[in-house]
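# Structural characterization, general
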Amino acid sequence: MRLLAVPTRRELKPLAKELRLVPLETSPFPTFYTEEVPSSHIILSGLGMVQTAISLTFALNRSQYSKVILTGVAGIHPESNLKPGGLVGSSSETYLRLGSLDGEYMDLTKKFTLDPTSEIRSCFETKVSDYLKDEIPWVPFGTSDWITASTEDLCFLKTFHPQIIVENMEGASAAHVCRIFGREFIQIRTAVNYLGNRNPSSWWWSEADHNLKTIGRWFKEDRI
């Protein structure tokens, strides 16, 4: 079984039209199924790292999903060669700003680890779809509940995480949960804005809705 996770109802809406979703049950995290893909479920996982970690832990404890696919919108770094309006996949996920700032920033997992077994650090490799590896770019993602909104924030990324091209609010925690449960994790996002642009009225929403429908089609075709 596969689990498709979507953070918000705004992001779920285009997918719901493509997949013709039917509510599966009443739970803290609304879950759906579709006759288009009867062996899979779709979950409204919530906004941000904490809600995502809780909802996926809840879901993976209840059902034997072999794979989790996370989708939704994200921001593109303005200095990258990518542009909003397209789809992009995650080759890795990193917790951003997971550290201390005392003159200089230090990622705490360079000295410590996230878990008591001393195995999990702040960066996770993520699965690249064999069927889509040549259709969309696959680049390093970063996750933060602190949305990049200023020149200073972009300087922070350039200084301490220069490899990060796409920023979102859920991916690293989803990758973290999948690592603990031993599940495959794939993330594909539609780039809806440039990082630093906090005016949603200027974002690429129509392209995002079209792209989310495309992800729904790929889900039906078992390409993710």
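See the structure printed just above.
Before going into details, it helps to say that this report is about the structure given with it. All residue numbers refer to positions counted from 1 along the written sequence of the respective chain. Given that this is a predicted model, residues contribute local features only at a pLDDT of at least 70 and side-chain atom pairs are listed and counted only at 80 or more, while totals for whole chains, interfaces and linings are drawn from all residues. Note: side-chain values were computed over all heavy atoms of the structure, leaving out hydrogens and water.

### Quick notes on a nonpolar patch on the surface
- Note on patches: the residues involved have over 30% relative accessible area and no salt bridge, like charges join within 9 Å, and the nonpolar side chains Val, Leu, Ile, Met, Phe, Trp and Tyr join within 5 Å. Note on areas: Shrake-Rupley with a 1.4 Å probe; residue coverage comes only from the protein chains shown. Salt bridges are defined by distance alone: a side-chain nitrogen of Lys or Arg within 4 Å of a carboxyl oxygen of Asp or Glu. On the surface, a cluster of nonpolar side chains totalling about 270 Å² of accessible area is made up of Met106, Leu108 and Phe112.
- The topology assignment puts Phe112 in the loop between β8 (104-107) and β9 (123-125). Segments assigned H or I by DSSP are reported as helices when at least four residues long, segments assigned E as strands when at least two residues long, and all are numbered from the N terminus.

### Examining the packing of aromatic side chains
- Note on aromatic pairs: the rings of Phe, Tyr and Trp (six-membered ring only in Trp) are paired at centre separations within 6.5 Å, and the planes decide the class, stacked below 30 degrees, edge-to-face beyond 60, tilted for the rest. The full count for this structure, using the stated rule, is seven aromatic pairs.
- Ring plane angle 90 degrees and centroid distance 6.1 Å describe the contact between Tyr194 and Trp204, whose orientation is recorded as edge-to-face. With Tyr194 in strand β12 (residues 184-194) and Trp204 in the loop between β12 and α5 (205-220), this residue pair connects regions lying 10 residues apart in the sequence.
- Clustering of aromatic rings is evident, with ring pairs tying together Tyr105, Phe156 and Phe160.

### A look at the side chain of Thr143
- One can find Thr143 in strand β10 (residues 138-143).
- Thr143 gets classed as buried once you look at its relative accessible area, which sits at 0%.
- Once you skip the residues sitting within four places of it in the chain, Thr143 turns out to touch Met49, Glu93, Thr94, Tyr95, Leu96, Asn168, Met169, Glu170, Gly171 and Ala172. The cut-offs for exposure are 20% and 50% of the maximum accessible area for each residue type, with area from a 1.4 Å probe on protein chains only; residues under the lower value are buried, those over the upper are exposed, and the others partly exposed. Working rule for contacts: check all heavy atoms of both residues, and any pair within 4.5 Å makes them a contact.

### Points about helix α4 (residues 171-181)
- With respect to burial, α4 is a largely interior element, eight of its 11 residues being buried.
- Residues Gly171, Ala172, Ser173, Ala174, Ala175, His176, Val177 and Cys178 constitute the buried set of α4.
- The positive-phi residue at the C-terminal boundary of α4 is Gly182, with phi of around 70 degrees.

### Some details on unusual backbone geometry
- Positive phi values are uncommon outside glycine, yet Arg20 reaches one of about 55 degrees.
- In this structure, Arg20 sits in the loop between α1 (9-19) and β2 (22-25).
- Overall, Arg20 belongs to the exposed group, its relative accessible area being 58%.
- One non-glycine residue with positive phi stands out, namely Arg97, at about 55 degrees.
- Looking at the element boundaries, Arg97 is found in the loop between β6 (87-95) and β7 (99-102).
- Taking the relative accessible area as the measure of exposure, Arg97 reaches 14% and is therefore buried.

### Some words on the environment of Trp205
- Note on placement: Trp205 falls in helix α5.
- Note on Trp205: relative accessible area 25%, which makes it partly exposed.
- In sequence terms Trp205 and Ile136 are 69 residues apart; their C-alpha atoms lie 19 Å from each other.
- Those residues in contact with Trp205, other than ones at most four positions away along the chain, are Arg10, Val73, Val192 and Pro200.

Just distances and angles here, no functional claims.
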